[in-house]
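Descriptive structure summary
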Amino acid sequence: MSQQGKYRAPALQKGLEILELLAPLPHPMSMGDISAALGRSVSEIFRMLLVLEEHGYIARSGEGYRITNRLFSLGMAQPPIQDLLGHALPAMRELAARIGQSCHLAMISGHQMVVVANVETPGLLGFAVRMGYQRPLIHSASGHVLMAFQTEDARAEAFRATEAAGLPFDRPKLEAKLSRVKRAGYITLSSPMLTAITDVSAPVMRGDAVEAALTVPFVDGPSAKSDMAAVREALQETTNALSTALSGAA
């Protein structure tokens, strides 16, 4: 018997199954639906839901149960992330004030990117992405940057996670695109969500590997303080300075 099969914690396994089930859902889920989805009895699920709710990992409403940001908060408390945010947030505020646009910082999580910090534009024009927002790596500017500047092993793992999530993509075509992104040092990509926004993203490096992607959801118009070229230049100056600071602190 393998070590993995020899040592089991059934209660922990059930709790993790519930969290993994609820995490990607945009809406609450009833106890009965959770029970049916996991193939476990309602009594088993009931006890686990009580414990998870008591510890703040899930919340209950009239429509059912939803996951809270408790796990996200625990992840954000890690020293490497706190170090990153300590350097990044002041620089992001300066960038937003300089270009008159919002910006956000994203990190890789399995097959997705997750926003770990955001700074809204000080003016009236801009589009802000909330903290904790997630999107598949292959469907976002931040995700393309995070994959392009990863080590080969980390990029291969991101591809495996994307395939395991059942997301269809043309791997050779995507690899060619990532190579172009790495050569350019940034990416501009029309937002897949809103037609009036173009995402401009560049890497924040720690040594030879990407730590995060800094992205500006660029909103153009007569009131825009900076044009696309100025935004890209300011963004890359910011990410280069952050990369230098993080690599020196490593």
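Notes on the structure in this doc start here. (Residues numbered from 1 in each chain as written. Predicted model: local features only at pLDDT ≥ 70, side-chain atom pairs only at ≥ 80, totals over all residues. Heavy atoms only, no water.)

This paragraph deals with the overall build of the protein chain. Of regular secondary structure, the protein chain possesses 10 helices and 8 strands. For the protein chain, the C-alpha atoms occupy an extent of roughly 60 × 45 × 35 Å along the three principal directions. For the protein chain, the proportion of its 250 residues judged to be buried stands at 40%. Counted over contacts in the protein chain with a minimum sequence separation of 6, partners at least 24 positions apart contribute 57%. When the accessible surface of the protein chain is split by element, carbon and sulfur atoms take 54% of a total near 13,300 Å². Charge-centre separation for the protein chain: the mean point of 23 positive side chains lies 3 Å from the mean point of 23 negative side chains. (Helix = DSSP H or I, 4+ residues; strand = E, 2+ residues; numbered from the N terminus. Buried < 20%, exposed > 50% of the residue type's maximum accessible area, 1.4 Å probe, protein only. Contact = heavy atoms within 4.5 Å. Areas by Shrake-Rupley, 256 points an atom, 1.4 Å probe, with all protein chains shown as cover. Lys, Arg positive; Asp, Glu negative; His and termini not counted. Charge placed at Lys NZ, Arg CZ, Asp CG, Glu CD.)

Moving on to the pattern of salt bridges. Per the stated rule, a full pass over the model turns up 10 salt bridges. A salt bridge links Glu17 to Arg40, with the nearest nitrogen and oxygen atoms 2.8 Å apart. Taken as a pair, Glu17 in helix α2 (residues 10-22) and Arg40 in the loop between α3 (31-38) and α4 (42-54) lie far apart in primary sequence, 23 residues in all. Its relative accessible area of 23% is what places Arg40 among the partly exposed residues. Of the charged contacts in the structure, one is a salt bridge between Glu157 and Arg160, with a shortest N-O distance of 2.9 Å. With a gap of 3 residues between them, Glu157 and Arg160 both fall in helix α8 (residues 152-164), about one helical turn apart. (Salt bridge = Lys/Arg side-chain N within 4 Å of Asp/Glu carboxyl O.)

Strand direction decides the pairing type here: strand β1 (residues 58-61) and strand β2 (residues 64-67), joined by 4 bridges, are antiparallel. Within β2, the position partnered with Arg60 by the bridge is Tyr65. Between the end of β1 and the start of β2, which pair antiparallel, lie 2 residues. (Pairing = 2+ DSSP bridges.)

The final tally for this structure, using the stated rule, is 1 aromatic pair. Plain terms: the ring middles of Phe159 and Phe169 are 5.7 Å apart, the flat faces sit at 15° to each other, and that makes the pair stacked. Here Phe159, found in helix α8, pairs with Phe169, found in the loop between α8 and α9 (171-184); they are 10 residues apart in sequence, far enough to count as distant. (Phe/Tyr/Trp six-rings, centres within 6.5 Å; stacked < 30°, edge-to-face > 60°.)

When you line up the elements, Gln150 lands in the loop between α7 (141-148) and α8. For Gln150, a relative accessible area of 12% translates into the label buried. The residues contacting Gln150, other than those within four sequence positions of it, are Ile108, Arg155 and Val210.

Packing of α2 against α3 brings their axes to within 11 Å, and their N-to-C directions diverge by 110°. Here α2 is positioned roughly perpendicular relative to α3, judged by the angle of their axes. In this structure, α2 contributes Glu17, Ile18, Leu21 and Leu22 to the contact, and α3 contributes Ile34, Ala37 and Leu38. Tallied by class, the residues present in the contact of α2 with α3 amount to 6 nonpolar, no polar and 1 charged. (Axes fitted to C-alpha atoms, helices over the stretch in contact; angles between N-to-C directions. Parallel < 35°, antiparallel > 145°, perpendicular 65-115°, else oblique. Nonpolar A, V, L, I, M, F, W, Y, C, P; charged D, E, K, R; others polar.)

So, to be careful, I would describe these as geometric facts and stop short of saying anything about function.
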